[in-house]
Structure formats: C-alpha cells, structure tokens
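Listed below, chain by chain, are the residues.
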Amino acid sequence: MALLQIAEPGQSTEPHQHRVAIGIDLGTTHSLVAAVRSGEAKVLQDEQNRVLLPSIVHYTNAVHHYGDEAKSFLLTDPKNTIVSVKRFMGRSKADIKFQHPYELLGSDREMPSFQTTAGAKTPVEISADLLKQLKERAEKTLENNIQGAVITVPAYFDEAQRQATRDAAELAGLNVLRLLNEPTAAAVAYGLDQASNLAIDQNYVIYDLGGGTFDVSVLRFSQGVFEVLATGGHTALGGDDLDRLIVKWLKQLLNLESLSDEQYAHFILAAKLAKEQLSNEQSVQISLEDQQIYLDRPTFENIIQIALDRTIQVCKRVLRDAKLSLNDIKNVVLVGGSTRSYAVQQAVANVFEQEPLCTINPDEVVAIGAAITANQLVGNSKDGSLLLDVTPLSLGLETMGGLVERLVSRNTAIPVARRQEFTTYKDGQTAMLIHVVQGERDLVEHCRSLGRFVLHGIPPMTAGQARIEVTFQVDADGLLSVSAQETTSGVQAKIDIKPSYGLSDADMERLLVEGFQHAEEDKNLRHLQETKVEAQRELEALTQALHVDADLLNGNQKDHLEKARYTLSELLKGSDIKSIESAIKRLKTYSDEFAAMRMNRHIDKALSGTKLDDWSNSSSE
Ligand code: ADP
Ligand code: MG
C-alpha cells in the first residue's frame, strides 16, 4: 500500500490570522465538541458546565428539548423523544432491523422519517438538530466565527452513512472540513503521531467500547502519517449490554421470573449507576425491591465476562487481519465511556500484554483528536501533514459472468484513485453497463450493489477493441465516484455514489466474514464463470464467422464444427468445469482450422484488384 503525505501547501498562518475550527464527536449516546485554544485542545462546556450532550431530542409542537433536558421525556413521551439516531443514519427503512419504539414513515427503500408531534423528522434532520446545539455552544464559547468542523464517524461507516453525516452537518450550517474516523481521532489526541520516531513504523490498537457499539482498529504510523491497517467490531455490543447483563444477574438473585416494563426501566437505571460507580469504588450497594444487593468488582467481572470475551475475539481477529502479532503493537488506546470499567481495562491489558493508554478522558478523546485535526486543516498546524483512513470493504465492478473485478481492496488508504481498462464483449457493442459493487466475495450476487450507470456512444468496433478506462476515486471522506471513458472516442460517463441507504454494520460484518469463509469456494466459482465466459466468447465468434463464411466448409467439417458447438452449449448449462474446458479445446481445433481458411479468403479478397506493385509498397487493406 503506497503511503501518501498530504500536505496543504501555503496554509501555515501568522498568529494574528489564527482561524477557529471545531471537532465534533457525534456519538450514539453522547455528542460533544472541542476546539484548540491557545495551542491546547479542550472540550467545550455548555452554560451549566456540562461537556457531554446526550444524543437525545424531544420534539413538541412548541419548543424542542435537547440532551439532558430531553432525557426526562424518555419515560413520559417516548415516541417524540428520539435516542440513538446514529443507528438510523444512512439506512433505508428495510435496513432497520433492530428494535425501537418509533413509528417510521416512508417506503422500504427510502430514508425513513420519525413521526413526531413536530412533523416528520429524518435521521439527518435530527442529527442536524444535535449538531446545531454543539455549534451554538462553540459560537458562544469561542466568540469567533467558526471556519469549519471535523466530524468523526465510526471506521465501519459506509458511503451512505458518511454522506448522511455530512448532510446533517451541512444542514446545521457547519462547513465540513473532513469526516474523520473515530480511532484515527483518538490516536491524534494522544499525539501518537508526535511521539513516534519517524524512522520506525509503529502500530497502535484503538479499543472503543461505547454505549451500544464496539469498534477496534489497528493503526500504523509510518513516515509521518497514519494509516488504518484493519478495523472490526460489533454493532450491538456496548455499555448497554453490560447493564442488561447486570439486570439478568439481579433477576436471578432476587428470584424474579419476569419484570414489568416499569420495573425493567428501574432495574436498568440501577444497574447502570452501579456499573459506573464501580469504576471508582471496589464495591457498591444496589437498592431494589426493598432489598440491598452488594456488587463488587470481581463479581461484576464475572457477570460481564461473556461480553468481554466477545470484544477480545474481535481484537484477535483484527490483529490477524492486519497481519500483526502482539509484539508489533506499541500502544493500546482506550476510547468510549465503558472503558472506564476496571474489568474492561484488565481484559484489554491481558489480551495485549500491556497497560492500555487511558489518561485522556475516554468520552472526550475522539472529540479532542477531531479538534486537533480541524485546527490543522484550517492551516494552524506546524507541519501540515494530514491523516489517512482506509476503505472498510473492497470496491469493484461487475464483469462478464457476474464476476467482481476488484479495483480498490478493503483497508486501502484513502484518498485513493484506481484506474483499469476494460473492453467490449460483443462486436459492434455501443454501450456498456458499469455496475459498481462493494464486498469481499467473487460473485456479484454475494456483494452489495452500490450503483449502475451506462456508458453510451461507444463507436461500433470488433469485440475486444474498445478501450474503456474506468476510474474509481474515493475522497478523504470515503465517498466514491466512478467514471468511465472510451479512450479512442473520448465518450465519458460518471456517477457519484451517494446511495440513499447503506449497509448496516451487521451486513458489513457479514460480508467480511463471508468473504473469508468462502475464499476457496469463490475461487472455484470464479474459475467456472471465467471458463464459461471464454466458452461463450468462442461460440459468439463462431456464429459471426459462420454467418459470413460458412460456404468455405465441406460437409464433414461443418458436421464436426456443429457437433463441437452443440456439445459445448449443452455443457454450459451445467457446471462440470473439466468437460467444459475440454469441449472448448475441441471446438478450438475445428474453429482454428476454419479461421485459417477465412484468413486465406480475406487475403485473397484484399489482393484481388490490387497490382502486385501496390501490394509490395503498402500492406494496408
Ligand atoms: P457512544 O460512543 O456510543 O456515544 P460513550 O463513549 O459516551 O458512548 O459511552 C457510553 C457508555 O459508557 C454508557 O454505557 C455508560 O454507561 C458508560 N459509562 C459512562 N461512564 C462510565 C463509568 N464511569 N464506568 C463505566 N461505564 C461508564
Ligand atoms: Mg463513541
């Protein structure tokens, strides 16, 4: 993988020209904003000195409520109180398979809207409302015009989810400088780029356990820039699951078969409180159902072991993905509120055989890194070097036989541009369908379709003569545009991939896992498909040739050719690759003979009417 150093030339500024930019962590459970002030990145507080804005909006037909003020309406007016809107970003209604209490409007393939008292609200609009709160906070605190913002997104976010985030920020009136992967932001916050010896490559692991999600990433710092080597995670694994595990334990302890909705809400709150207190104390007391229950750290660790084990499995897989061993990891960084738990820190220390970095507040570390990057991007940085992220899944095109030709492999550093030449399959073909797909499998049907467009106006040529250059370009935000050009005529076509919905994280995970599991099977299928395409091309060419020159063949020759042609077409209905290969071979022996006869005829034709003198001077025609 090539390393790029992206410099923004001429952008370092004099102190008196200092520009202000902010970094925003738009989280599932909490959001916050940070900025670099007097050379130091700091989180910004609201008027009540609060840093974390719970990602909750309560809609009414008058004044809406945000954050902590919206929280109390979760119990009294849940349908109008939207939480975890990040899970809905960039998804179609059909993609939303998790449970939620909301009434969603819209057709299956569309971005859904939440039905609220204030009217229909899309996830983009709701996120924009949260972002506006943070923007206003920043404007008040910084007393300055904000030049732009860096917004962080999970490394797992696909094109549609990134686009939705960018749309939300723009709707909130922010100038988006860059979408930045959350783990990359965390590494920047710890200054791992500054601390590293430039001469040696260093690898870092970012372990992010938030409220509802888990993400782990391996970053490499090399020659002055970060690259993301690998990412992995779980969409439904976070602090909320730890709370549920505690509730399960409490139920068993109290011999309760089931809980009413109200009881359950009570238990969850008590569990969360106990869990958070345990991060500062050795043991805590929980009061429920007129009873006092004691919970200490070792018991808590036992209760949540199952969740910890799942995160550890993902860590091991991501390390394998990055082709690294434990010794290769310089530091491990903890991110997300749940890593405040001692049990989580211990589990991470055990698996990586080193103490993880957790000196920066784990809820704030991502916003701080985003602020530092934003500050660099508006030109206040000393060195002007920017960071690299990677594509989460491979990007490619559909080729004949429903096969995927991969142009950009997963974990490629972005921005990236890749170009490849394709050609036509049929004589006289004047249009070509470009079908863009995402995924790790060899067959299109196993990948996710991102978009299609048609390149029209290809001048009619013999099959294989047209030169169609297809370019994939992934920009720094991870957004893809694909263009195609027929180089002899210059006709062009292009699309930007901005689908209205995207892959769910679970789908993404599935596509990755399937890619690994089916590698061998895919190789065989690919071989079969390629052989079939070759066979079809032979048959096609033969049909064309017979159309023009069938009279050259004597009865016997025609018989052989027809028989070979029939056998091959019949075999193509099945999948016996060995037989297909030998049938192609047989057909080729006869068709080669035919081709030689045709060649002679056409040379004869070209020569007739031409004087020998002309022929010796010019071999054209
Ligand atoms: P997200 O990135 O998903 O928005 P956060 O990083 O804000 O989430 O993490 C929220 C989670 O962190 C919640 O489950 C919360 O209970 C948990 N959490 C917050 N403080 C503590 C603490 N002191 N000890 C353990 N868990 C905590
Ligand atoms: Mg987070």
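Predicted model, so just to flag it, every value in this text is computed and none were measured.

Draft legend 1. Layout of the overall build of the protein chain. Across its full length, the protein chain carries 17 helices and 28 strands. In the protein chain, which comprises 621 residues, the share counted as buried stands at 51%. Intrachain contacts of the protein chain at a sequence separation of at least 6 include 66% that bridge at least 24 residues. Accessible surface, the protein chain: about 29,300 Å² in total, of which carbon and sulfur atoms supply 48%.

Draft legend 2. Spotlight on helix α10 (residues 305-321). Taking 1.5 Å of rise per residue, 17 residues should cover 24 Å, and α10 covers 24 Å from first to last C-alpha, within 8% of that figure. Residues Ala307, Leu308, Thr311, Ile312, Val314, Cys315, Val318 and Leu319 constitute the buried set of α10. Viewed along the axis of α10, the buried residues span an arc of 160°, placing them on a single side of the element. Across from the buried face of α10, at angles greater than 90 degrees, the exposed residues are Ile306, Gln313 and Arg320.

Draft legend 3. Region of the structure containing the environment of leucine 479. Mapped onto the secondary structure, leucine 479 falls in the loop between β26 (468-474) and β27 (480-486). Residue classification places leucine 479 among the buried positions, given a relative accessible area of 11%. Along the sequence, leucine 479 and threonine 391 sit 88 residues apart, while their C-alpha atoms lie 9.6 Å from each other. If we skip the residues at most four places from it in the chain, leucine 479 touches Glu159, Arg162, Gln163, Arg166, Gln473 and Val474.

Draft legend 4. Geometry of the sheet that holds β27. Spatially, β23-β26-β27-β28 is the arrangement adopted by the four strands of the open sheet, whose pairing is antiparallel. Taken across any chain shown, the strands that pair with only one partner, and hence form the sheet edges, are β23 (416-422) and β28 (492-497). Adjacent strand axes in the sheet meet at a mean angle of 15°, parallel and antiparallel pairs treated alike. Of the pairings in the sheet, the one linking β26 to β27 comprises seven bridges and is antiparallel in character. Directly across from glutamate 469, in β27, lies its bridge partner glutamine 485.

Draft legend 5. Inspection of the sheet that holds strand β6 (residues 65-66) at higher detail. Taken together, three strands build an open sheet; the order of strands is β6-β5-β7 and the sheet is antiparallel. In this open sheet, the two edge strands, each paired with only one partner strand, are β6 and β7 (81-83). Where strand β5 (residues 56-58) lies against β6, two bridges are found, and the strand directions are antiparallel. Paired with valine 57 across the two strands is tyrosine 66, which belongs to β6. Running at roughly 105° to β5, helix α3 (residues 123-142) makes contact with β5, β6 and β7 of the sheet.

Draft legend 6. Main features of the pairing of strand β11 (residues 146-153). In terms of residue burial, β11 counts as a mostly covered element, since seven of its eight residues are buried. Across six bridges, strand β1 (residues 20-26) lies against β11 in parallel orientation. Paired with glycine 23 across the bridge in β11 is valine 150. Note on the crossover from β11 through helix α4 (residues 159-171) to strand β12 (residues 176-181): the handedness is right-handed.

Draft legend 7. A look at the site of ligand 1. Around ligand 1 sit 17 residues, and of these Thr29, His30, Lys275, Glu276 and Ser279 come closest. Measuring from an oxygen atom of ligand 1, one finds a side-chain N or O atom of threonine 29 at 2.6 Å. Measuring from an oxygen atom of ligand 1, one finds a side-chain N or O atom of histidine 30 at 2.8 Å. Contact with the protein chains removes 89% of the 580 Å² of surface that ligand 1 exposes when unbound. Elements with a contribution of two residues or more to the shell around ligand 1: α7 (239-253) and α8 (261-277). Looking at which element gives the most residues to the shell around ligand 1, the answer is α8, with three residues. Taken together, the residues of the shell around ligand 1 break down into no nonpolar, 12 polar and five charged.

Draft legend 8. Structural view of the packing of aromatic side chains. Counted under the stated rule, the structure contains five aromatic pairs. Judged by centre distance (5.1 Å) and plane angle (75°), the rings of tyrosine 102 and phenylalanine 114 are edge-to-face. Pair noted here: tyrosine 102 is in the loop between β7 and β8 (104-105) and phenylalanine 114 is in strand β9 (residues 113-116), with a separation of 12 residues, a long-range link. Judged on exposure class, the residue tyrosine 102 and its partner phenylalanine 114 are both buried. Each member of the aromatic cluster is reached from another via a ring pair, and the members are Phe88, Phe98, Tyr102 and Phe114.

Draft legend 9. Focus on the pattern of salt bridges. Applying the stated rule across the entire model yields 25 salt bridges. The partner of arginine 467 in a salt bridge is glutamate 421, with the nearest N and O atoms 3.0 Å apart. Of the two residues, arginine 467 is situated in the loop between β25 (448-455) and β26 and glutamate 421 in strand β23; the sequence distance between them amounts to 46 residues. Residue class for arginine 467 comes out partly exposed when judged on its relative accessible area of 42%. Taking the shortest distance from any N to any O, the salt bridge between aspartate 549 and arginine 601 comes out at 2.9 Å. Separated by 52 residues along the polypeptide, aspartate 549 in helix α14 (residues 519-549) and arginine 601 in helix α16 (residues 577-607) bring together distant segments of the chain. Classification of arginine 601 as partly exposed rests on a relative accessible area of 23%. Overlapping salt bridges bring together Asp46, Arg50, Asp68, Glu69 and Lys71 as one network.

Rules used in this analysis
Residues numbered from 1 in each chain as written. Chains lettered and ligands numbered in written order. Predicted model: local features only at pLDDT ≥ 70, side-chain atom pairs only at ≥ 80, totals over all residues. Heavy atoms only, no water. Helix = DSSP H or I, 4+ residues; strand = E, 2+ residues; numbered from the N terminus. Buried < 20%, exposed > 50% of the residue type's maximum accessible area, 1.4 Å probe, protein only. Contact = heavy atoms within 4.5 Å. Areas by Shrake-Rupley, 256 points an atom, 1.4 Å probe, with all protein chains shown as cover. Expected span 1.5 Å × (residues − 1). Arc of directions from axis to C-beta. Pairing = 2+ DSSP bridges. Axes fitted to C-alpha atoms, helices over the stretch in contact; angles between N-to-C directions. Right-handed = clockwise from strand over helix to strand, strands pointing away. Near = heavy atom within 4 Å. Polar contact = N/O pair within 3.5 Å; in protein donor to acceptor, adjacent residues only side chain to side chain. Nonpolar A, V, L, I, M, F, W, Y, C, P; charged D, E, K, R; others polar. Phe/Tyr/Trp six-rings, centres within 6.5 Å; stacked < 30°, edge-to-face > 60°. Salt bridge = Lys/Arg side-chain N within 4 Å of Asp/Glu carboxyl O.

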